[in-house]
Amino acid sequence: MPTTVVTGSASGIGRSVYELLKERGHRVIGVDLKDAEIAADLSTVEGREAAIREIRALTGGTLDGLVCCAGLGVTAPDSGLILRVNHFAVTALLDALFDDLKRGHSPAALVIGSVAASQLVGQEVPLVETLLAGDEEAAVAQIRDLDKPQLAYAASKYAVTRFARRRAVAWGPSGVRLNVVAPGAVETPLHKASSEDPRFGEAVKNFVAPLGRAAQPSEVAELVGFLQSDAASFIHGTVLYADGGMDAMMKEATF
Ligand code: NAD
């Protein structure tokens with residue numbers, strides 16, 4: 001029975017991934033602020049370290065899967081928190097648990113990115129460079145000065161996607177696969193909060209995928225389940241969109 005850690009397992013996409021992997025015979029260890037096997041605040045260094053310690057205590061240091069779903073949207077209490085959870089918590093867990101994954105059976109890790117990253121592809125964004133340099137406090141200070149939650153969200157997802165692709169190249173010889181799933185709009189509490197927000201609601205509601213609807217969390221979880229399975233044994237370092245055609249609509253020439 002594969003053992004898989006899922007962050008953000010208490011709600012939305014993470015909840016759906018947790019349930020799908022359980023149904024498919026995984027031992028799943030959820031990590032979330034509450035209502036999970038491991039309660040931890042991944043926005044802080046101490047919270048991440050506590051989560052890693054508890055994961056090791058439950059697994060003995062051998063892990064077959066890691067799915068990083070925990071994330072915050074544009075309605076988060078502050079933009080720095082978006083960077084801490086969406087980027088730095090993910091990079092910290094991937095790096096810390098790489099050795100545990102190396103000991104696993106057909107190991108695979110996955111990051112939930114976002115189609116929101118597409119808008120920054122090919123652009124020079126100083127915040128993205130700071131995120132990729134791994135300087136958490138400098139990045140948080142930079143976004144505090146700018147006060148732009150949409151930029152924080154897009155930059156966090158663009159940078160974490162690039163980080164994952166860099167690690168995929170480095171991890172190749174170890175056999176630990178690593179992929180990114182980039183959802184479009186998915187009907188979750190995060191999406192509901194964004195679409196009801198007086199600052200961002202109109203834009204969120206008007207950004208409709210060619211398929212003409214938002215996804216259900218299970219439609220994203222199906223793709224995650226596939227990528228985490230042996231059926232995807234040669235898929236590594238890729239970004240797979242589950243976005244109803246949004247990425248194609250925004251940038252048909254770049255893929
Ligand atoms: P959600 O709010 O339903 O779930 C997010 C989960 O992350 C929650 O359970 C929350 O408690 C957890 N979380 C947040 N901060 C945390 C912290 N500091 N420590 C531990 N856990 C924390 O949202 P969702 O829509 O399911 O989002 C899941 C992922 O999908 C996120 O990374 C999000 O950016 C991404 N995403 C969502 C959409 C969408 O439209 N819903 C689109 C693209 C990408």
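Refer to the structure printed above.
What comes next concerns the included structure. (Residues numbered from 1 in each chain as written. Predicted model: local features only at pLDDT ≥ 70, side-chain atom pairs only at ≥ 80, totals over all residues. Heavy atoms only, no water.)

Overview of the layout of surface pockets
Point 1. Considering only enclosed or pocket space, the largest pocket measures out at about 1,300 Å³ in volume.
Point 2. In terms of lining, the largest pocket is formed by 49 residues, of which the most central are Leu72, Gly73, Tyr153, Leu190 and His191.
Point 3. If one sorts the elements of the lining of the largest pocket by residue count, helix α7 (residues 189–195) sits on top with five residues.
Point 4. Of the residues assigned to the lining of the largest pocket, the class counts are 28 nonpolar, 15 polar and six charged.
Point 5. Taken together, 18 residues line the second largest pocket, and the ones lying closest to its centre are Arg165, Val239, Tyr241, Lys251 and Phe255. (1 Å grid on protein atoms, 1.4 Å probe; cavity = no way out; pocket = protein on both sides within 12 Å on 5 of 7 lines; lining within 4 Å. Points joined across faces, edges and corners; volume = space filled by probe spheres on them. Helix = DSSP H or I, 4+ residues; strand = E, 2+ residues; numbered from the N terminus. Nonpolar A, V, L, I, M, F, W, Y, C, P; charged D, E, K, R; others polar.)

Here's the deal with a nonpolar patch on the surface
Point 1. Taken together, the side chains of Phe207, Met249 and Met250 define a hydrophobic patch exposed on the protein surface, amounting to about 260 Å² of accessible area.
Point 2. Its location among the elements puts Phe207 in the loop between α8 (201–206) and α9 (217–227).
Point 3. With a relative accessible area of 33%, Phe207 lands in the partly exposed category. (Patch = residues over 30% accessible without salt bridge, like charges linked within 9 Å, V, L, I, M, F, W, Y side chains within 5 Å. Areas by Shrake-Rupley, 256 points an atom, 1.4 Å probe, with all protein chains shown as cover. Salt bridge = Lys/Arg side-chain N within 4 Å of Asp/Glu carboxyl O. Buried < 20%, exposed > 50% of the residue type's maximum accessible area, 1.4 Å probe, protein only.)

So, the site of the ligand
Point 1. Around the ligand, the structure places 29 residues, and the nearest of them are Ser11, Ile13, Asp32, Tyr153 and Thr188.
Point 2. The contact in question runs from an oxygen atom of the ligand to an N or O atom on the side chain of Ser11, over 2.6 Å.
Point 3. Bound to the protein, the ligand loses 91% of the 820 Å² it would expose on its own.
Point 4. In this structure, the ligand is accommodated by the largest pocket.
Point 5. Those elements that provide at least two residues to the shell around the ligand are α1 (12–23), α6 (149–171) and α7.
Point 6. Of all the elements, α7 adds the most residues to the shell around the ligand, at three residues. (Near = heavy atom within 4 Å. Polar contact = N/O pair within 3.5 Å; in protein donor to acceptor, adjacent residues only side chain to side chain. Sits in = over half its atoms within 2 Å of the grid points.)

A closer look at the environment of Asp100
Point 1. Within the fold, Asp100 resides in helix α3 (residues 79–102).
Point 2. Sequence spacing of Asp100 and Leu63 is 37 residues, and the spatial spacing of their C-alpha atoms is 5.3 Å.
Point 3. Contact partners of Asp100, with chain neighbours within four places excluded, come to Arg56, Gly61, Thr62 and Leu63. (Contact = heavy atoms within 4.5 Å.)

Notes on the pattern of salt bridges
Should their charged atoms come close, side chains of opposite charge can pair.
Point 1. Under the definition given, this model contains 12 salt bridges.
Point 2. Two residues, Lys192 and Glu196, come together in a salt bridge whose shortest N-O distance is 3.0 Å.
Point 3. Take Glu196: its relative accessible area is 55%, and that puts it in the exposed class.
Point 4. Put simply, Arg48, Arg84, Glu136 and Glu137 are held in one network by salt bridges that share partners.

Digging into the environment of Asp135
Point 1. Here Asp135 shows up in the loop between α4 (126–133) and α5 (136–146).
Point 2. Put simply, Asp135 and Phe88 are 47 residues apart on the chain and 9.0 Å apart in space, counted from C-alpha to C-alpha.
Point 3. One polar contact links the side chain of Asp135 to the main-chain amide nitrogen of Ala138, over a distance of 3.2 Å.

Some words on the sheet that holds strand β6 (residues 177–183)
Point 1. Read from one edge to the other, the open sheet built from seven strands follows the order β3-β2-β1-β4-β5-β6-β7, with strand pairing classed as parallel. Strands with a single pairing partner mark the edges of an open sheet, and in this sheet they are β3 (38–39) and β7 (239–242).
Point 2. Contacting β1 (3–7), β2 (27–32) and β3, helix α2 (residues 45–59) runs over the sheet at an angle of about 165° to β2.
Point 3. Along the sheet, α3 makes contact with β1, β4 (65–68), β5 (108–112) and β6, crossing β4 at roughly 175°. (Pairing = 2+ DSSP bridges. Axes fitted to C-alpha atoms, helices over the stretch in contact; angles between N-to-C directions.)

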